[in-house]
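# A closer look at the structure
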Amino acid sequence: MTTTQVRAARAAADVESPALLLRMRWAVRDTLTITRRNLMIWVRVPAYIAFTVIQPVLFVLMFRYVFGGAIPVDVPGGYVNFLMPGIVGQTAAFATFGTAIALAIELQKGVIDRLRSMPIARSAVLAGRLVADTCRMFVTILIIIAVGYLVGFRFENGFPAAVAMVLLATAFGACMSCIAAFTGLAIKDDEAVQAFGMIWLFPLTFLSSAFVPISTMPGWLQGFANNQPVTHVIDTMRSLALGGPVEASLWKSVAWLVGILVVFAPLSVRAYRRAG
């Protein structure tokens, strides 16, 4: 390559770098704008907040006071301390219903097409939905932990571990939202999306270590329950909350979450590009 060609390549790179940075700033700005739009629904429709929170609160009260006395566990603080990490994990997973249903409804009503026709970053619509739902999920998790404290739950492993548990639950929910985004954009019907969500989310959460020790399950179920992402994430959260070995379950959780992102983030983007 001649000196002239080298100088030309450097000049082109110097021109492209600011342009790339500018596009990235626009994409971030547009994503935050769409995020704000989605979060305003929560602020303007109080009933939406109530219905988002009421189901996990009912699960806390039902398992704490109806089933808690019949489920023996060997953890500090008794069943309520065993239960709450499971409820938090379930709350993060079930929050993805909102992602799938909202995308399906906006696709049906043509909202996504109208947004994509505007002079904004094409990625902002999908990214803004995922960021907004992650924010809502984070707030819901904090509310559920507060309810848990009212019924006797206590962190036994210090404040940093408690923060790590909340962050892991939020990351878990964000990864599961990628699955929900794909299903919402691929199925395109809100009722069908809700029915499909019940089919895969309920078995995944209930056939895990969320509510009962896996050792109490039939042997043919234990293999599945011990080797699925919800169990690994909840075991890690339980160790963070109550103390105990974290490393093994943490690395398995990270591996599952990375795997979900690697598979479903591209699928969500592809479904979003094809939607319309």
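Up top you'll find the structure we're talking about.
Computed from a predicted structure; not experimentally measured.

The rules behind these values
Residues numbered from 1 in each chain as written. Predicted model: local features only at pLDDT ≥ 70, side-chain atom pairs only at ≥ 80, totals over all residues. Heavy atoms only, no water. Helix = DSSP H or I, 4+ residues; strand = E, 2+ residues; numbered from the N terminus. Contact = heavy atoms within 4.5 Å. Phe/Tyr/Trp six-rings, centres within 6.5 Å; stacked < 30°, edge-to-face > 60°. Lys NZ or Arg CZ within 6 Å of the ring centre and 35° of its normal. Expected span 1.5 Å × (residues − 1). Bend = angle between axes of the 7 residues up to and from the residue. Buried < 20%, exposed > 50% of the residue type's maximum accessible area, 1.4 Å probe, protein only. Polar contact = N/O pair within 3.5 Å; in protein donor to acceptor, adjacent residues only side chain to side chain. Axes fitted to C-alpha atoms, helices over the stretch in contact; angles between N-to-C directions. Parallel < 35°, antiparallel > 145°, perpendicular 65-115°, else oblique. Left-handed = near helix turned anticlockwise from the far one by under 90°. Core = buried A, V, L, I, M, F, W, Y, C linked by side-chain atoms within 4.5 Å. Salt bridge = Lys/Arg side-chain N within 4 Å of Asp/Glu carboxyl O.

### Describing the environment of A275
Here A275 is to be found in the segment after α11 (247-274). In this structure the C-alpha to C-alpha distance between A275 and Q108, which are 167 residues apart in sequence, comes to 9.9 Å. Apart from the residues within four sequence positions on either side, A275 is in contact with L107, D113, R116 and L185.

### Some thoughts on the packing of aromatic side chains
According to the stated counting rule, one finds 14 aromatic pairs in the structure shown. One Lys or Arg, R238, reaches over the ring of F82 and ends 3.7 Å from the middle of that ring.

### A word on helix α8 (residues 190-206)
Between its terminal C-alpha atoms α8 stretches 23 Å, which fits the 24 Å expected from 17 residues at 1.5 Å a residue. Of all the bends in α8, the greatest, near 25 degrees, is centred on M198. If you check which residues of α8 are buried, you get V193, G197, W200, L201, L204 and T205. Where α8 is buried, its residues meet α3 (79-94), α4 (96-109), α7 (159-187), α9 (219-225) and α10 (229-242). For α8, the capping residue at the N-terminal end is D189, with a side-chain oxygen 3.3 Å from the backbone nitrogen of E191.

### Observations regarding the packing of α7 against α10
Running from amino to carboxyl end, α7 crosses α10 at an angle of 165 degrees, the nearest separation of the two axes being 8 Å. Relative to α10, the element α7 is oriented roughly antiparallel. Once α7 is placed against α10, the crossing between them reads as left-handed. Facing A161, A164, M165, L168, A169 and F172 of α7, the residues of α10 in contact are V230, V233, T236, M237, L240 and A241.

### Digging into unusual backbone geometry
Within the chain, K188 stands out as a residue other than glycine whose phi angle is a positive 70 degrees. With relative accessibility at 36%, the residue K188 sits in the partly exposed group.

### Some thoughts on the nonpolar core
Within the largest apolar cluster, 50 residues are counted, with the highest numbers of intra-cluster contacts made by I141, I145, M165, F172, M176 and M237. Filtering out sequence-adjacent residues up to four positions away, I145 remains in contact with M84, V88, F153, F155, M165 and V166. Membership of the second largest hydrophobic core comes to 17 residues, among which are A27, V111, L126 and L185.

### Considering the pattern of salt bridges
Under the definition given, this model contains 6 salt bridges. With a closest N to O distance of 3.8 Å, R238 and D235 form a salt bridge. Of this pair, R238 and D235 both sit in helix α10, 3 residues apart, which is roughly one turn of that helix.

### Quick notes on the side chain of S253
One can find S253 in helix α11. Apart from the residues lying within four places of it in its own chain, the contact partners of S253 are H232, V233 and T236.

### Some points on α7
Between its first and last C-alpha, α7 extends 42 Å over 29 residues, near the 42 Å set by a 1.5 Å rise per residue. Looking one or two residues past α7, K188 carries a phi angle of roughly 70 degrees, positive in sign.

### What about the packing of α7 against α11?
Where α7 meets α11, the axes come as close as 8 Å, and the angle between the chain directions of the two elements is 35 degrees. Where α7 crosses over α11, the handedness of that crossing is left-handed. Contact residues: L168, A171, F172, C175, M176, C178, I179, A181, F182, L185 and A186 in α7; L257, I260, L261, F264, A265, L267, S268, A271 and Y272 in α11.

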